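Observations on chain architecture
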Amino acid sequence: MIPYTVNIKLAARTLTGTLNLQNKTAVDWGWQGLIAQGCHSSILIIDPKTSQTIQVLERHKANVVKVKWSRENYYHNVSSPYCLRLASGDASGKIIVWDVVSGTVHCEIQEHSKPIQDMEWLWNQDASRDLLLAIHPPNYIVLWNGDTGTKLWKKSYAENILSFSFDPFDPSNMALLTSEGIVFITDFSHSKPPGSAGKKVYIASPHASPAHTKPAPAAAPVPTGAKKALNKVKVLITNEKPTAEAVTLNDCLQLSYLPSKRNHMLLLYPREILILDLELSQTVGVVAIERSGVPFIQVIPCAQRDALYCLHENGCITLRVCRTTTTPEEAADPEQNVYELMYDLRSQCDAIRVTKTVRPYRMVICPVNENSAALMVSDGRAMLWELKAQQHLINSRNHSGLSPLYTPLSFCGSPLGPNQKRIQDLSLNSMIGQTLMAGEAPPPSSNQQDIQLKFLLTGLLSGLPLPPFALRMCPPLTTKNINHYQPLLAVGTSNGSVLVYNLTSGLLHKDLSVHSCEVRGIEWVSLTSFLSFATSAPNNMGLVRNELQHVNLPTGRCFAFRGERGNDEPPIEMIKVSHLKQYLVVVFRDKPLELWDTRTGTLLREMAKNFPTVTALEWSPSHNLKSLKKKQMAAREAIARQTVSDAEQTSVESSVISLLQDAESKSETSQAISAREHFVFTDTDGQVYHITVEGNTVKDGARIPPDGSMGSIACIAWKGDTLVLGDVDGNLNFWDLKARLSRGIPTHRGWVKKIRFAPGKGNQKLLVMYTDGAEVWDTKEVQMVSSMRIGRNVNYRILDIDWCTSDKVVLASDDGCVRVLEMAMKSASYRMDEQDLTDPVWCPYLLVPRAALTLKAFLLLQPWSGTFTMDITQVDMKSVLQDPELSLLQRCLLVSRLFGDESDLHFWTVASHYLQSFAQARQLGVSTAEGQAKSEGTQTSPPNHLDICHDVLCESSYFQKFQLDRVHLQEVKRSSYDHTKKCADQLLLLGQTDRAVQLLLETSADNTSYYCDSLKACLVTTITSSGPSQSTIKLVATNMIANGKLAEGVQLLCLIDKAADACRYLQTYGEWNRAAWLAKVRLNPAESSDVLKRWAEHLCSPQVNQKSKAIMVLLSLGCFYKVGEMLQSMRHFDRAALFIEACLKYGVMEYARMLRSLGLREGAALWASRAGSAGQQLMEELFQGEGSVPEAIPGEEGVELSQDSTE
């Protein structure tokens, strides 16, 4: 027996189709640059840049309801490499954590059996990045270790929890959206469950809440329509439970903290988005849709700019960018402007056609660059939109009445060089400049472009249509067709089209609209053409319209194979093409079969009326083509000999020669000789008939009586000397034609729907399909190899089967997927590195850890070669990375974006900003000794400030301005005594005493705090800096703080300009964030620097363990030396090396001494030698007692800095 070999390597894969309603929320775009999407019980991994599916994960038994990529907010090295980790939760309450590259499972988690409502990886502490928080319905939140699957803690709440959102600025704050309102938790920690039940607030629906009027003078004008609408949403958050008729709670679709500014949250309703300021619990902005507009489904707030991506019910994605408008109010005093947060519509993409089955589900945006969005549609499509910036044309400017958007003048955080290359659309913050503060004038700059934003559709992935499907794989690979073979799978669909997939890449090769009704079957007649048939719905006589089409793939040409026939006749049951693809049998339900010649398209025979009814039919693999070809060869030789000598003509008779010459000329016109082929079929009694076809003659052969043990025969398969019959009762009958033996085996699986032999010489495996699953049999040994059954090991029903290679099967299932599986038929994910992708994918996460880090080092710094070379990444990036103008800081930022490395990106954004601003200050002759921060005079030197999304890391002047703006906005929006009191408190802390007094005097006489507030107003106005009053107030403040009235004490200290003491008290009582805020808004640079340094020390302490945050704080203070030391101690060697290199370039560090203190002696020697005479002394210190001072070492810093970094 010749051993058969596997012919072509096809990866196991899944072609997916339409989504289930439960998959609606199961989509996530990770920092890794890939999109994960749930489709029934599988998870697709999509590469948005090339719009390819690069992995399908299969393990869940129920529909996937949530997927979440792990965050990349940690330092990457060989021990904690770039890896693709994904958590997915399904409708049965199971969570699986995947290693996506290999398709294997890290752990499986199960708590309850209800669908997972929400989950999120914790990203904020340096200790562990494996923690996963999940909501298990109805009301539990559980913290899991996502690597081992152990439960860390569990907490239940009073109401059903729908979703949660973490405060991006303070990880101990989170908000739960429950069925009744919002629960705010302020003591979230990974070490223990939240202690309290949280602060519960109720949301009154915006339409139902009564209009609250602002406490205002009686002479105020009647508010206009827009003002009325705003008054309506004044109070949304109340601590009392609203009355039943005033509330429809399930209206709120979504709650999210804004990542662009601290303490703001958005609530999404179908017709409006409300922006809340959480310090006041007050609405400060509304985005409403006019009556004819399309309602919202979802909104995603951006971090890089204060902007919102909104998804509407028609599948349109809109981008709204915030601007603060000030309109002088007529009645009020001229100083007080009305502040309003406006989100202007800046761009929108095309809508999709929404039908019963096609509707938008979810959108996700790229978290790294925030300038591309993907829309998931219920029919399995993924539409990839990119935001592009275009220059505004002069004549079309401002026809929309919006203020212009300007591009920033920097690239990757540094000012642009004169002829530097840049990528305009790199990220959202490189496309749009910073939002201007109220009252700021736009920078008068000539080369700042005024731009328009446009959405561009850059990719589209479409799935299979709705089942049922008919499958047929193209003829198998042979030695003859190996050069041009493509493994094509034809999938007939319910809408009449035939989709042809290339199984090497898994991509759609052709989509052909062939029929007008559901495709019932497909047979290939060559590697590039097939026949497919479809039958329409029967009329009242039971007759249908049959369509049998011949399709040529390269040209896409279709023609009706049976010509005019096909109207009003019994339906076609099956079509079978002979092994040599010469003949075609068409079997009808109540009509004798037809025999056609596939090469000429002619009808050879229509059987007589008394012909038996066919229940199953199969062509025999045996034929006489070889003997015919031998005869043909002999004849050819004879012809050749005949031309040589007439004498030998007698050896072959002239008549034969003329016949063969005929045949020759025919075969040259592609008409091959007609070989003899046979087919067998069974009738309703189970009798087997044998019929021979040769040319246009049809001969009836032997008949074999029925086997008593078999029921009605449903299907036949024949290969070599084995013939297999399957019946409606689940019996298989194996005939060995050579040995003349038959053996019946009852499978007890019910109706045998289909049986097919595997391709490949001597490969006697048989695929059997039943109503409830499938089996693979070995017909030589007559035993089952593998089996799959619905309910036992899969949860889908099988609709059709076929072999796609000698060892892989392809199954179509009722969940709308087509799966290519190993012979064992176990649903399995494949390894990504075995994939044969059409387009190359840029994703460092797919590489082995060392390769990814090598690539990163290669892209970042090549000090060993004079020019920057690269033969690797994408073309547009390539030119920018090779640009000699690109500075080191810009390169670091660009590479961290390329790698989707969250922690790198944050670090380099802040580092690059402060390195440049301190370097500028230094050039202006300001001393920046270590630790002593810049004086306020030079604060204006950097043209741009750090975005407000960095919160307390921003420059003090900018931060102060932002806080004042915010208080003004709060003041305009306040609507109750509580709000007014909070505003007055904030104003006192900010030092705006006059305004605070006005607010304090507003308290009405019947309020219990009337007396208190009046006295406080008197106190604030009469405070003098005389010694005795100061000391009294200080004494009172300290007593208050000691007796638990921290906020009041701090206010008093701020009144007498003792804000530094106030900060110290706040820090003592653990209010670190509040202290940092106060330091930023009230203290001079030196004092503020002290407070923040204390905070950094606190963050480094083992119980807090947020060193990465501490590093950010130190960067904003200019303590670069300390940052270098900390990076070194945390073993972040490459980041330390690059940071030090950058510091040196900007001249903000006594660099060589620092290297020496780190123990990098050769490195120190190198830099000292670079420093010329200044470094001479250090050189001598370094090499004391070693004789001569070495020569300057030529640029080998790459080697030097990595001396300690080899672990």
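Residues numbered from 1 in each chain as written. Predicted model: local features only at pLDDT ≥ 70, side-chain atom pairs only at ≥ 80, totals over all residues. Heavy atoms only, no water.

1. Quick word on the sheet that holds strand E3 (residues 35-39)
With antiparallel pairing, the 4 strands of this open sheet are ordered in space as E2-E3-E4-E5. One side of each edge strand has no neighbouring strand; the edge strands of this open sheet are strand E2 (27-29) and strand E5 (52-58). Neighbour to neighbour, the strand axes of the sheet diverge by 20 degrees on average, direction disregarded. Relative to E3, E2 is paired through 3 bridges, and the arrangement is antiparallel. Looking across to E3, one finds that valine 27 is bridged to glutamine 37. (Pairing = 2+ DSSP bridges. Helix = DSSP H or I, 4+ residues; strand = E, 2+ residues; numbered from the N terminus. Axes fitted to C-alpha atoms, helices over the stretch in contact; angles between N-to-C directions.)

2. Here we look at the environment of methionine 342
You can see methionine 342 is positioned in strand E26 (residues 337-348). Between the C-alpha atom of methionine 342 and that of valine 287, which follows or precedes it by 55 residues, the distance is 7.4 Å.

3. Section: the sheet that holds strand E8 (residues 94-99)
Ordered in space as E6-E7-E8-E9, the 4 strands form an open sheet in which the pairing is antiparallel. At either end of the open sheet lies a strand with only one pairing partner, and these are strand E6 (64-69) and strand E9 (104-110). Across this sheet, the average inter-strand angle for adjacent strands is 20 degrees, counted without regard to direction.

4. Some details on helix H17 (residues 1085-1100)
Its 16 residues give H17 an end-to-end C-alpha distance of 22 Å, which sits within 8% of 22 Å, the value for a rise of 1.5 Å per residue. Along H17, the positions that sit buried rather than exposed are Ser1088, Ser1089, Val1091, Leu1092, Trp1095, Ala1096 and Leu1099. All buried residues of H17 project into a common sector of 165 degrees when viewed along the axis, lining one side. Packing partners of the buried residues in H17 comprise helix H15 (1059-1068), helix H16 (1072-1082) and helix H18 (1107-1117). (Expected span 1.5 Å × (residues − 1). Buried < 20%, exposed > 50% of the residue type's maximum accessible area, 1.4 Å probe, protein only. Arc of directions from axis to C-beta. Contact = heavy atoms within 4.5 Å.)

5. A look at the packing of helix H8 (residues 902-923) against H18
Following both chains from N to C, one finds H8 and H18 inclined at 15 degrees, their axes separated by 8 Å at the closest point. The pairing of H8 with H18 is recorded here as roughly parallel in orientation. Classified by chirality, the crossing of H18 by H8 is left-handed. In this structure, H8 uses His906, Phe907, Val910, Ala911, Tyr914 and Phe918 to contact H18, whose residues at the interface are Ile1111, Met1112, Leu1115, Ser1116 and Leu1117. Of the residues belonging to the contact of H8 with H18, the class tally is 9 nonpolar, 2 polar and no charged. (Parallel < 35°, antiparallel > 145°, perpendicular 65-115°, else oblique. Left-handed = near helix turned anticlockwise from the far one by under 90°. Nonpolar A, V, L, I, M, F, W, Y, C, P; charged D, E, K, R; others polar.)

6. As for unusual backbone geometry
Most peptide bonds are trans, and most residues other than glycine sit at a negative phi. The omega angle of the peptide bond from proline 137 to proline 138 is 0 degrees, so this bond is cis rather than trans. Looking at the secondary structure, you find proline 138 in the loop between strand E11 (131-136) and strand E12 (140-145). With a phi angle near 60 degrees, asparagine 263 is a residue other than glycine that sits in the positive phi range. By the element assignment, asparagine 263 lies in the loop between strand E19 (254-257) and strand E20 (264-268). Taking relative accessible area as the criterion, asparagine 263 reaches 17% and is therefore assigned buried. Positive phi, close to 65 degrees, is recorded for arginine 1131, a residue that is not glycine. Tracing the backbone through its elements, the reader meets arginine 1131 in the loop between helix H19 (1120-1129) and helix H20 (1133-1146). Looking at arginine 1131, the relative accessible area reads 40%, which means it is partly exposed.

7. A few points about the pairing of strand E24 (residues 307-312)
Of all 6 residues in E24, 6 are buried; the element is thus mostly enclosed. Residues Ala307, Tyr309 and Leu311 of E24 are buried on one face, and the alternating residues Leu308, Cys310 and His312, pointing to the opposite face, are buried as well. Where strand E23 (residues 296-301) meets E24, 5 bridges bridge the pair, whose relative direction is antiparallel. For proline 301, the partnering residue across the bridge sits in E24 and is leucine 308. Between the end of E23 and the start of E24, which pair antiparallel, lie 5 residues.

8. Some details on a positive patch on the surface
On the surface, a cluster of positive charge is made up of Lys480, Lys626, Lys629, Lys630 and Lys761. With respect to the helices, strands and loops of the structure, lysine 480 is situated in the loop between strand E34 (470-473) and strand E35 (488-492). (Patch = residues over 30% accessible without salt bridge, like charges linked within 9 Å, V, L, I, M, F, W, Y side chains within 5 Å. Areas by Shrake-Rupley, 256 points an atom, 1.4 Å probe, with all protein chains shown as cover. Salt bridge = Lys/Arg side-chain N within 4 Å of Asp/Glu carboxyl O. Lys, Arg positive; Asp, Glu negative; His and termini not counted. Charge placed at Lys NZ, Arg CZ, Asp CG, Glu CD.)

9. A few points about the pattern of salt bridges
Applying the stated rule across the entire model yields 47 salt bridges. In this structure, glutamate 159 and lysine 200 form a salt bridge, with 2.6 Å as the shortest nitrogen-oxygen distance. Placement of glutamate 159 in the loop between strand E13 (151-156) and strand E14 (161-166) and of lysine 200 in strand E17 (residues 199-203) is noted, with a sequence separation of 41 residues between them. For lysine 981, the salt bridge identified is with aspartate 985, shortest N-O distance 3.7 Å. Of this pair, lysine 981 and aspartate 985 both sit in helix H10 (residues 977-990), separated by 4 residues, roughly a single helical turn. Within the structure, one salt-bridge network assembled from shared partners comprises Arg562, Arg565, Glu569, Lys591, Glu594 and Glu606.

10. Points about helix H9 (residues 956-973)
Taking 1.5 Å per residue, 18 residues should reach 26 Å; H9 reaches 26 Å between its end C-alpha atoms and fits that length. In terms of residue burial, H9 counts as a mostly covered element, since 13 of its 18 residues are buried.

11. Overview of the confidence of the model for the protein
Mean pLDDT over the protein stands at 80; residues scoring 70 or higher make up 79%. Across residues 243-249, confidence stays below pLDDT 50; counting only partners more than four residues off in sequence or on other chains, it has 11 contacts. Taken as a whole, residues 666-671 scores under 50 in pLDDT and shows 5 contacts with residues more than four places along the chain or in a different chain. (pLDDT = per-residue confidence, 0-100.)

12. Brief notes about the side chain of aspartate 778
Tracing the chain through its elements places aspartate 778 in strand E56 (residues 773-778). Setting aside anything within four residues of it in sequence, one finds aspartate 778 in contact with Gln764, Lys765, Gln783 and Val785.

13. Brief notes about the state of the cysteines
The full count for this structure, using the stated rule, is 0 disulfides. Left unpaired, cysteine 804 is separated from the closest cysteine sulfur, that of cysteine 474, by 9.7 Å. Cysteine 804 gets classed as buried once you look at its relative accessible area, which sits at 6%. (Disulfide = S-S within 2.5 Å.)

14. Looking at the packing of H15 against H16
Relative orientation of the contacting elements H15 and H16 amounts to 165 degrees, with a least axis distance of 8 Å. Looking at the two axes, H15 sits roughly antiparallel to H16. Regarding H15 and H16, the two cross each other, and that crossing is left-handed. Within the contact between the two elements, H15 uses Ala1059, Ala1062, Cys1063, Leu1066 and Gln1067 and H16 uses Trp1072, Arg1074, Ala1075, Leu1078, Ala1079 and Arg1082. When the residues that make up the contact of H15 with H16 are grouped by side-chain class, the tally is 8 nonpolar, 1 polar and 2 charged.

15. Structural notes on the pairing of strand E47 (residues 676-682)
The element E47 is extensively covered by neighbouring structure, given that 6 of its 7 residues are classed as buried. Taken together, the 5 bridges between strand E46 (residues 616-623) and E47 define a ladder with antiparallel strand orientation. Paired with histidine 623 across the strands is glutamate 677, a residue of E47. With 7 bridges connecting them, E47 and strand E48 (residues 688-694) associate as antiparallel partners. Pairing of histidine 678 across the sheet is with threonine 692, part of E48. Taking the residues that link successive antiparallel strands as the turn, the E47-E48 hairpin has 5 residues, and the phi of glycine 686 there is positive, at about 90 degrees.

16. Things to note about the packing of aromatic side chains
The tally for this structure, following the rule as stated, stands at 19 aromatic pairs. On the basis of an interplanar angle of 20 degrees and a centroid distance of 6.0 Å, the ring pair of tyrosine 583 and tryptophan 619 is categorised as stacked. Linking tyrosine 583 in strand E43 (residues 583-588) with tryptophan 619 in strand E46, this pair joins segments that are 36 residues apart in sequence. Of the residues examined, tyrosine 583 reaches a relative accessible area of 0% and is grouped as buried. (Phe/Tyr/Trp six-rings, centres within 6.5 Å; stacked < 30°, edge-to-face > 60°.)

17. A short note on the side chain of histidine 1132
You can see histidine 1132 is positioned in the loop between H19 and H20. Here histidine 1132 falls in the buried class, since its relative accessible area comes to 11%. Beyond its immediate sequence surroundings of up to four residues, histidine 1132 is in contact with Tyr75 and Leu1127.

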